[in-house]
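Survey of secondary and tertiary structure
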Amino acid sequence: MELLVFGHAGVPAIVFPTSQGRFFEFEDRGMIASVAHKIDAGQLQFFCVDSVDAESWYNRNVPPRWRIARQVQFENYVVDEVLALLRQKNHDSHCITVGASFGGYHAVDIALRHPDTFTGFLSMSGAFDVSTFLRGYYDDDVYFHTPPHYIANMGDPWFLDRYRRNTYLLGTGNDDQCLGQNEYLAGLFRAKGIPHRLDVWGDWNSHDWPTWKRMMNEYL
């Protein structure tokens, strides 16, 4: 697994690429450049990871159980290996996740599953009900990797207490195909008393890199 690190200090962020994207996507698309002044000033440090989406959610050549198992392995890699590297390089008390489109799903899911490790997320145009990828297959791993499902039923005070200390931001747009999923997840947060921010941008073609660059600069 390859990754890129940008910056020397500041709040560390694990960055997830879009659907089946690569670890260099945020650099190639100008996302890193959009906040270069904050990186250079030591305010932000980015750890841009690779994806295994083509082997998990998007891999229609293997059974659904294999696909969700690959997602579980990917999360273990991020939590056990990427975080170890991050903590070697950065001792800030905060750690956030960032992603756009399908990367927004990854950013939200791992932050909600590990609220003691990740103190916030920025999801830009994310979509969160991944159960639709698996042709009707459903098990505990699918449930616990589908944020709208487990948040709807969340009653564990350990999780809720930590959620309420963290910072969660959902960015989307009026013409974003993922607008409904963001509004739905925000509604679940409200029902559970989880502080969050839902921003709906008025940009045309909001599900695209120019808007996401502006969001990066606005929110981080």
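Here the structure is shown first, and the text comes after it.
As a starting point, this report considers the structure included with it. Not measured: the values here are computed from a predicted model.

1. Examining the overall build of the protein chain
Scanning the protein chain from N- to C-terminus turns up 10 helices and 7 strands. Relative to the 2.2 N^0.38 estimate, which gives 17 Å for 220 residues, the radius of gyration of the protein chain is 16 Å and therefore close to what a compact globule would have. Each principal axis of the C-alpha distribution contributes one length, and for the protein chain these read about 45 × 35 × 35 Å. Taking all 220 residues of the protein chain together, the buried fraction comes to 54%. Considering only intrachain contacts with a sequence separation of at least 6, the fraction spanning at least 24 residues in the protein chain is 74%. Working note: accessible area of the protein chain is about 9500 Å², and carbon and sulfur atoms make up 49% of it. Of the charged side chains in the protein chain, 19 are positive and 27 negative; the average position of the first set lies 2 Å away from that of the second.

2. A short note on the pattern of salt bridges
Applying the stated criterion across every chain, the model contains 8 salt bridges. The partner of Arg 22 in a salt bridge is Asp 50, and the shortest N-O contact between them spans 2.8 Å. Here Asp 50 lies in the loop between β3 (44-49) and α4 (64-89) and Arg 22 lies in the loop between β2 (11-16) and α1 (25-28), a separation of 28 residues in the sequence. On the basis of relative accessible area, Arg 22 is assigned to the partly exposed category, the value being 34%. For Asp 50, a relative accessible area of 6% gives the class buried. With a shortest N-O distance of 2.2 Å, Asp 203 and Arg 214 are connected by a salt bridge.

3. Some points on the sheet that holds strand β4 (residues 96-100)
Judged by pairing direction, the sheet is mixed, and its 7 strands sit side by side in the order β1-β3-β2-β4-β5-β6-β7 without closing on themselves. Each edge of the sheet is formed by a strand with only one pairing partner; in this case those strands are β1 (3-6) and β7 (197-201). Here the average twist between neighbouring strands, direction ignored, is 15°. Strand direction decides the pairing type here: β2 and β3, joined by 5 bridges, are parallel. When the sheet's bridge partners are listed, Ala 13 is paired in β3 with Phe 46.

4. Observations concerning the pairing of β2
Regular strands show a simple pattern: their side chains alternate between the two faces of the sheet. The buried fraction of β2 amounts to 5 of the 6 residues, a majority that puts the element mostly inside the structure. Alignment of β2 against β4, held across 4 bridges, turns out to be parallel. Bridged to Val 15 within β4 is Val 98.

5. Quick word on the packing of α4 against helix α5 (residues 102-113)
Closest axis-to-axis distance for the α4/α5 pair is 12 Å, and the angle between their directions is 70°. Overall, the two elements α4 and α5 adopt an arrangement that is roughly perpendicular. The handedness of the crossing between α4 and α5 comes out as right-handed. Seen from α4, the contacting residues are Gln 71, Phe 74, Glu 75, Val 78 and Val 79; seen from α5, they are Tyr 105, His 106, Asp 109, Ile 110 and Arg 113. In terms of residue class, the contact of α4 with α5 is made up of 5 nonpolar, 2 polar and 3 charged.

6. Quick notes on the packing of aromatic side chains
According to the stated counting rule, one finds 18 aromatic pairs in the structure shown. Consider the rings of Tyr 58 and Phe 102, whose centres lie 5.4 Å apart with planes at 80°: the pair is edge-to-face. Of this pair, Tyr 58 sits in the loop between β3 and α4 while Phe 102 sits in helix α5; the two residues are 44 residues apart in sequence, bridging distant segments of the chain. Note on Phe 102: relative accessible area 5%, which makes it buried. Relative to Phe 159, the ring of Trp 158 lies with its centre 4.9 Å away and its plane at 75°, an arrangement referred to as edge-to-face.

7. Side note on the side chain of Ser 51
Along the chain, Ser 51 turns up in the loop between β3 and α4. Look at Ser 51 and you get buried, because its relative accessible area is 16%. The contact partners of Ser 51, leaving out residues within four places of it in the chain, are Pro 17, Gln 20, Gly 21 and Phe 74.

8. Considerations on the pairing of β3
The element β3 is largely enclosed, with a buried count of 6 among its 6 residues. Of the two faces of β3, the one holding Leu 44, Phe 46 and Cys 48 and the one holding Gln 45, Phe 47 and Val 49 are both buried throughout. When β1 meets β3, the two strands line up antiparallel, connected through 4 bridges. Looking at β3, one finds that Val 5 is bridged to Phe 47.

Conventions and cut-offs
For every chain, the first residue of the written sequence is number 1, and numbering continues from 1 onward in sequence order. Thresholds applied to this predicted model are a pLDDT of at least 70 for local features of residues and 80 or more for the giving and counting of side-chain atom pairs; totals over whole chains, interfaces and linings are not thresholded and use all residues. Working from all heavy atoms in the structure, the side-chain values ignore hydrogens and water. Numbering of helices and strands starts at the N terminus; helices are DSSP runs of H or I of at least 4 residues and strands are runs of E of at least 2. C-alpha atoms define the radius of gyration in this analysis, and the globule rule sets the expected value at 2.2 Å times the number of residues to the power 0.38. The buried label applies to any residue whose accessible area, calculated with a 1.4 Å probe on protein chains only, is under 20% of its type's maximum; exposed applies above 50%, and partly exposed to all values in between. Every residue pair with non-hydrogen atoms within 4.5 Å of one another is taken to be in contact. The Shrake-Rupley method, run with a 1.4 Å probe, gives the accessible areas here. Residue values count only the displayed protein chains as cover. The charge count includes Lys and Arg as positive and Asp and Glu as negative, but it does not include His or the ends of the chains. To locate a charge, take NZ of a lysine, CZ of an arginine, CG of an aspartate or CD of a glutamate. Only one rule defines a salt bridge in this text: a Lys or Arg side-chain nitrogen within 4 Å of an Asp or Glu carboxyl oxygen. Strand pairing is defined by DSSP finding a minimum of two bridges between the two strands. Note on definitions: angles span 0 to 180 degrees between N-to-C directions of axes, and those axes are lines fitted to C-alpha atoms, for helices only across the stretch in contact. For classification purposes, angles smaller than 35 degrees are called roughly parallel, those larger than 145 roughly antiparallel, those between 65 and 115 roughly perpendicular, and all remaining angles oblique. The crossing is said to be left-handed when, going from far helix to near helix, the turn is anticlockwise and less than a right angle, and right-handed when the turn is clockwise. Only Asp, Glu, Lys and Arg are considered charged in this grouping, and only Ala, Val, Leu, Ile, Met, Phe, Trp, Tyr, Cys and Pro are considered nonpolar; every other residue, Gly among them, is considered polar. Planes of paired rings set the category: under 30 degrees apart is stacked, over 60 is edge-to-face and the rest tilted, where pairs are Phe, Tyr or Trp rings (Trp by its six-membered ring) whose centres lie within 6.5 Å.

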